[in-house]
Amino acid sequence: MTQATTRPTALVGARVVPVDAAPVEDGVVILRDGRIEAVGTRQDVPVPEDAEVVDCSGGWLLPGLIDAHVHLGVWEEGEGWAGQDTNEMTDPVMAAARAIDGINPREQGFDDALMGGITTVNVNPGSGNPIGGQAVALKTYGRVVDEMVLRNPSGVKAALGENPKRVYGDQKKTPSTRLGVALVLRRAFAAARSYQARVAGAEGKPVDTDLVSEILVKVLEREIPWRQHCHRADDIATALRLADEFGYRLVLDHGTESYLMADLLAEKGVPVLYGPMIVSRSKVEVRDRSLRAPGILDRAGVQVSIITDHPVVPIEYLITQVALAVREGMDRDAALRSVTLNPAAVLGVEERVGSITVGKDADVVLWSGDPLDLQSRVLRTYLDGAEVYTWDQEAGAGRVAPR
């Protein structure tokens, strides 16, 4: 994590958009010791005498954005095989594998995230396996990945559909069909239930360690969510069926055709992390992707977040996808929640990030104007109260603070 000075920072004069409250014109936000100390108008919030005052006049101040599905640091751009640690595909069930062990925090994508106003991400393993491993929620600035962690694990990544079928079908192994993928998941959860019963029956006596079952028991006990990669409506139906069988907290990742069953997802209270949105129809599963989908889901009552799946869509274009969703009918306020409060809730870090609220982490971003205007740019990114990215107007370039 960054270390903010004890001297407070006063961000003065911007249009403050807290997300969880009405916008404040000509606002003041005080950052101190890594937290948000005060939010309000110039009349309501006195600026401390010892504060570093930053004139934000004409700008928009928002909470740092959150991308709840990326592969930052495990799928490194421009590194070829050396930077590819997204999928451990030697076994279909890799629930014990942890994304944190493969993350390179010096990857260029973390700088790109700061340039795009993104201060929190969820790094997932890939979708080559029926069960890919444990995700981790991170801040996007730091020297050592352990210092960047918000929550670990933040979920277990699993996949339905074409990806695991292709990987293991090519190896002439199970699973090679959708039937086989679902069978692998059922077997793993059945084994975890047996392990859970053995541990309970042991009454404190040692039980042989089973790292796969240990993490799946946490899913069964709803301690962490089950992050289900699926695109097609039939795969989404399978995801719902499995969640009903085993009782875990289901989150849909991608959900390309989720808008076709938005009412059912709303009824079951299943969040959808929708995206990537600005991609080609590269496989049959994304043939029916739609920029209208986030709005349809939101209007149906689904808690929807917008994701990039970086590097599939470069992470700095997260806000571009949000703007396109608004253009195609999504409510503006709902769209901003889709990259702030909603993903914070999915990741279980809503007490720390997702809005400009007194007591939360001082992760805020100053934009030159309305962030949904694609001509606006990030001028300053603060993470834990420290300025970690600055746009240099004279140089016409951004600068990330040394790690």
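A few points on the structure. Owing to the predicted nature of the structure, the values given are computational and were not obtained by experimental measurement.

**Considering unusual backbone geometry**
Trans is the common state for peptide bonds, and a negative phi is the common state for residues other than glycine.
Part 1: Between Gly275 and Pro276 the backbone carries a cis peptide bond, its omega angle lying at 0 degrees.
Part 2: In this fold, Pro276 is placed in the loop between strand 12 (272-274) and helix 8 (293-300).
Part 3: That bond from His310 to Pro311 is cis: its omega, 10 degrees, falls within 30 degrees of zero.
Part 4: Looking at the element boundaries, Pro311 is found in the loop between strand 13 (304-306) and helix 9 (318-327).
Part 5: Although it is not a glycine, Asp26 adopts a positive phi angle of roughly 50 degrees.
Part 6: Tracing the backbone shows Asp26 in strand 2 (residues 24-32).

**Some remarks on the pairing of strand 5 (residues 60-63)**
Part 1: In this sheet, strand 5 lies alongside strand 1 (residues 9-16) in parallel orientation, the contact comprising two bridges. In the sheet register, Val16 faces strand 5, and the bridge partner there is Leu61.
Part 2: Across four bridges, the pairing between strand 5 and strand 14 (residues 364-367) is antiparallel. Bridge pairing links Leu61 to Leu366 in strand 14.

**Points about the side chain of Arg178**
Part 1: Along the chain, the position of Arg178 falls in helix 4 (residues 178-202).
Part 2: Setting aside residues no more than four positions away along its own chain, Arg178 makes contact with Gly161, Glu162, Lys165, Arg232, Asp234, Asp235 and Glu285.

**Remarks on the packing of aromatic side chains**
Part 1: One pass over the full model with this rule turns up four aromatic pairs.
Part 2: Through a chain of ring-to-ring contacts, three or more aromatic side chains come together here, namely Phe189, Trp226, Phe246 and Tyr248.
Part 3: It is Arg15 that lies over the ring of Trp60; its NZ or CZ is 4.6 Å from the centre.
Part 4: Just above the ring of Trp391 sits the side chain of Arg377; from NZ or CZ to the centre is 3.7 Å.

**Description of helix 3 (residues 162-170)**
Part 1: Regarding helix 3, the residues found buried are Asn163, Pro164, Val167 and Tyr168. Along helix 3, the residues classed as buried sweep out an arc of 105 degrees about the axis, all on the same side.
Part 2: Each element contacted by the buried residues of helix 3 is listed here: strand 9 (149-159), helix 4 and strand 10 (226-230).
Part 3: Positive phi appears at Lys172, one or two residues downstream of helix 3, with a value of about 55 degrees.

Here is what the cut-offs are and how they apply
Residues numbered from 1 in each chain as written. Predicted model: local features only at pLDDT ≥ 70, side-chain atom pairs only at ≥ 80, totals over all residues. Heavy atoms only, no water. Helix = DSSP H or I, 4+ residues; strand = E, 2+ residues; numbered from the N terminus. Pairing = 2+ DSSP bridges. Contact = heavy atoms within 4.5 Å. Phe/Tyr/Trp six-rings, centres within 6.5 Å; stacked < 30°, edge-to-face > 60°. Lys NZ or Arg CZ within 6 Å of the ring centre and 35° of its normal. Buried < 20%, exposed > 50% of the residue type's maximum accessible area, 1.4 Å probe, protein only. Arc of directions from axis to C-beta.

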